[in-house]
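Chain by chain, the residues:
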There are 2 protein chains.
Amino acid sequence: MRYCVGVDIGGTTVKLGIFEEDGKVVEKWEIPTLTENEGVRILPDIAASIQEKITSCHLEEAVCLGIGVGVPAPVTSDGVVNGSANLGWKYKEVKKELEELTGKAVLVGNDANVAALGEMWKGAGKGRSNMIMITLGTGVGGGVIVGGKVIIGEHGAGGEVGHICVNYGETDHCGCGNQGCLEQYGSATGIVRLARKKLENEERETLLTKAEITAKSIFDAVKAEDAVAMEVAEEFGEYLGNGLAILASIADPAVFVIGGGVSKAGEIILSYISKYYQKRAFFANKQAEFVLASLGNDAGIYGAAKMVIDQ
Amino acid sequence: MRYCVGVDIGGTTVKLGIFEEDGKVVEKWEIPTLTENEGVRILPDIAASIQEKITSCHLEEAVCLGIGVGVPAPVTSDGVVNGSANLGWKYKEVKKELEELTGKAVLVGNDANVAALGEMWKGAGKGRSNMIMITLGTGVGGGVIVGGKVIIGEHGAGGEVGHICVNYGETDHCGCGNQGCLEQYGSATGIVRLARKKLENEERETLLTKAEITAKSIFDAVKAEDAVAMEVAEEFGEYLGNGLAILASIADPAVFVIGGGVSKAGEIILSYISKYYQKRAFFANKQAEFVLASLGNDAGIYGAAKMVIDQ
């Protein structure tokens, strides 16, 4: 038997999975991410946990194809991370260090890129080789896949879809320092910001004033046909539709896979996004489909394993 | 000896070249493009001309690796063009037809993508595998290369960099039907349009009113430190800098190669573009360099040959 290991390192937990070559799950588990002391424990903990699981699954005699790792940071082509705020890491030779700890081949990628690969392999983008995944979470992340390969770029910063400018008149700043980034409108915090701005000058009765405003409460209000919430969703959809039209004119995808916390509102968000996408997309890109991500939190471990299989 | 043929089909002339595998030119020539009758003569003329040249160069016994062709239209992965206004073509199976005519393997690509490949192989992007070429001509075209491969996309419409939106307030329409496309500001016609708009409300003395306004006359005036022309160049630079910042956040290039007629103004245009690029680029992309294309009209035949070599 030949197997590979997929690892998805997040700020609170590390998700791990052992997969057969065809994607069948042998074992799936998680361990806490210890970010203290510049995250010095993270890689040794991962190595020990994988070794334990190999023993308990009786895989000592099986062939390990390697370990794939997704990290919340840009990753250079030689598996180096130049700092990850979420993990406490400064400069970190992830590939080298984990190879020394495990004695196995290691491949490292950006977590959003890796998740996109997972959705392409076993999720909502299955069977497609030109696919863009957009993750609407705390920020807006993504992975751009062209011809079956994730766009990594020169500095490991390819596919930073949250930081394309969709509003040249914006006066507020994005976390990255720029103004008008897609992330300022399409993320969970972005749509809340849009709702708060709207309420500043709003006199109509609205469900949005009845409870804490969250991405979920906004889309719950949209589903209850709250007029103010529906206008917020239109704004959200317009910024995202415009942003995805730009992405399409560059990468020409067959499908957009939309994931992340905001996407839990369901198909309704796709209708708001695709409406404005259709208005703005270059004619050759209008046929692109919109689907919701289907692997949830497992996309990362699937994609990390797929990196190893594709190498 | 092993050789390949590069063909670049334009609206007035077809450029052709025979290359050795290392890029050494064996022969370079051109023939007119006969676009009458839906361009029915174009491919037979090319086939006959290549055959003649093979004979005159005594290459009958040498190994032909194939023929690469650049076409001014999106091209599907199986070498089909669904219409090219410049050539008069409707639906055209370019690969199949030229293979039947020549008895040789044929690969077909979009001309802007192919030119980008040429600049990467033997021009200003030599040695780089993450490169974006921007062609500022009648329109704004380009090719986006990531990991040494051109982004083609699902419908052959990848790298349509001229149609990313950089101005959501635009009221004029682009040729594609949208509003605010990069092409409306960064092309030869685009910068002339910017200059004309500026002159509508301009009372200062300016060189721009002394002769026909062209991209060349505008940059000549900039070089003469004409204040009005310099403001037009700033606008041009801002739109392009903003557009290239978007491109970088997706493809993360090492270098931007700027070509096309407008780029004949020289290094001065790079300074206007990179100034605004630096203001707007995502931090991880700020190190990207800006250089002028160096192969001129030969980029297409080099890139077409390189397609064959890379297959």
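Residues numbered from 1 in each chain as written. Chains lettered and ligands numbered in written order. Predicted model: local features only at pLDDT ≥ 70, side-chain atom pairs only at ≥ 80, totals over all residues. Heavy atoms only, no water.

Bringing the nonpolar core into the picture now. With 98 residues, the main nonpolar core has Phe256 of chain A together with Phe256 of chain B as its most contacted residues. With residues up to four places along the chain from it excluded, the contact list for Phe256 of chain A reads Ile132, Ile134, Leu244, Leu247, Ala248, Tyr277, Ala288, Glu289, Phe290 and Val291 of chain A. Counting residues in hydrophobic clusters, the runner-up holds 30 residues, among them Ile18, Ile54, Ala62 and Trp89 of chain A. (Core = buried A, V, L, I, M, F, W, Y, C linked by side-chain atoms within 4.5 Å. Buried < 20%, exposed > 50% of the residue type's maximum accessible area, 1.4 Å probe, protein only. Contact = heavy atoms within 4.5 Å.)

A separate point is helix H7 (residues 215–223) of chain B. Residue and element names in this part refer to chain B. Burial in H7 covers these residues: Ala215, Ile218, Phe219, Ala221 and Val222. Buried residues of H7, seen end-on, are gathered within an arc of 155 degrees and therefore sit on one face of the element. Residues of H7 that are buried sit in contact with helix H6 (188–200), helix H8 (227–251) and helix H9 (267–280). After H7 finishes, the residue Glu225 shows a positive phi value of roughly 60 degrees. (Helix = DSSP H or I, 4+ residues; strand = E, 2+ residues; numbered from the N terminus. Arc of directions from axis to C-beta.)

To continue, consider the sheet that holds strand E7 (residues 106–110) of chain B. All names here are of chain B. Across the sheet, which stays open at both edges, the five strands sit in the order E3-E2-E1-E4-E7 with mixed pairing between neighbours. Edge positions in the sheet fall to strand E3 (25–32) and E7, since each of these pairs with one other strand and no more. The sheet shows a mean angle of 15 degrees between the axes of neighbouring strands, taken without regard to direction. In this structure, strand E4 (residues 63–71) lies alongside E7, joined through five bridges in parallel fashion. Note that in E7 the partner of Gly70 across the bridge is Gly109. Against the sheet, helix H10 (residues 299–310) contacts strand E1 (2–9), strand E2 (13–20), E3, E4 and E7, and its axis sits at roughly 135 degrees relative to E1. (Pairing = 2+ DSSP bridges. Axes fitted to C-alpha atoms, helices over the stretch in contact; angles between N-to-C directions.)

For the rest of this paragraph, the subject is the packing of aromatic side chains. One pair of aromatic rings is described through two measures. These are the centre distance and the angle between the planes. This structure, assessed with the given rule, holds 18 aromatic pairs over all chains. The interplanar angle of 15 degrees and the centroid separation of 3.8 Å between the aromatic rings of Tyr185 of chain A and Tyr239 of chain A together place this pair among those described as stacked. Of this pair, Tyr185 of chain A sits in helix H5 (residues 183–186) while Tyr239 of chain A sits in helix H8 (residues 227–251); the two residues are 54 residues apart in sequence, bridging distant segments of the chain. Considered together, Tyr185 of chain A and Tyr239 of chain A belong to a single accessibility category, that of buried residues. Ring centres of Phe19 of chain B and Tyr302 of chain B lie 4.8 Å apart, and the angle between their planes is 55 degrees; this geometry places the pair in the tilted category. (Phe/Tyr/Trp six-rings, centres within 6.5 Å; stacked < 30°, edge-to-face > 60°.)

It is worth spelling out the interface of chain B and chain A at this point. Taken together, the 37 residues of chain B in the interface contact 37 residues of chain A. Here chain B and chain A share zero salt bridges between them. Taken together, the connections running from chain B to chain A amount to 20 residue pairs in polar contact (both at pLDDT 80 or more). The set of elements that each furnish at least two residues to the side of chain B that touches chain A consists of strand E9 (140–146), H8 and H9 of chain B. Residue classes in the side of chain B that touches chain A are distributed as 19 nonpolar, 13 polar and five charged. (Salt bridge = Lys/Arg side-chain N within 4 Å of Asp/Glu carboxyl O. Polar contact = N/O pair within 3.5 Å; in protein donor to acceptor, adjacent residues only side chain to side chain. Nonpolar A, V, L, I, M, F, W, Y, C, P; charged D, E, K, R; others polar.)

Moving on: the sheet that holds strand E8 (residues 131–136) of chain A. Residues and elements named next belong to chain A. Judged by pairing direction, the sheet is mixed, and its five strands sit side by side in the order E10-E9-E8-E11-E12 without closing on themselves. Each having just a single partner strand, strand E10 (149–150) and strand E12 (289–292) make up the two edges of the open sheet. Of the strand pairs in this sheet, strand E11 (residues 255–259) and E12 are connected by four bridges, and their pairing is parallel. Residue pairing across strands places Val257 opposite Val291, the latter belonging to E12. Set on the sheet, helix H9 (residues 267–280) makes contact with E8, E11 and E12; between it and E12 the angle comes to about 160 degrees.

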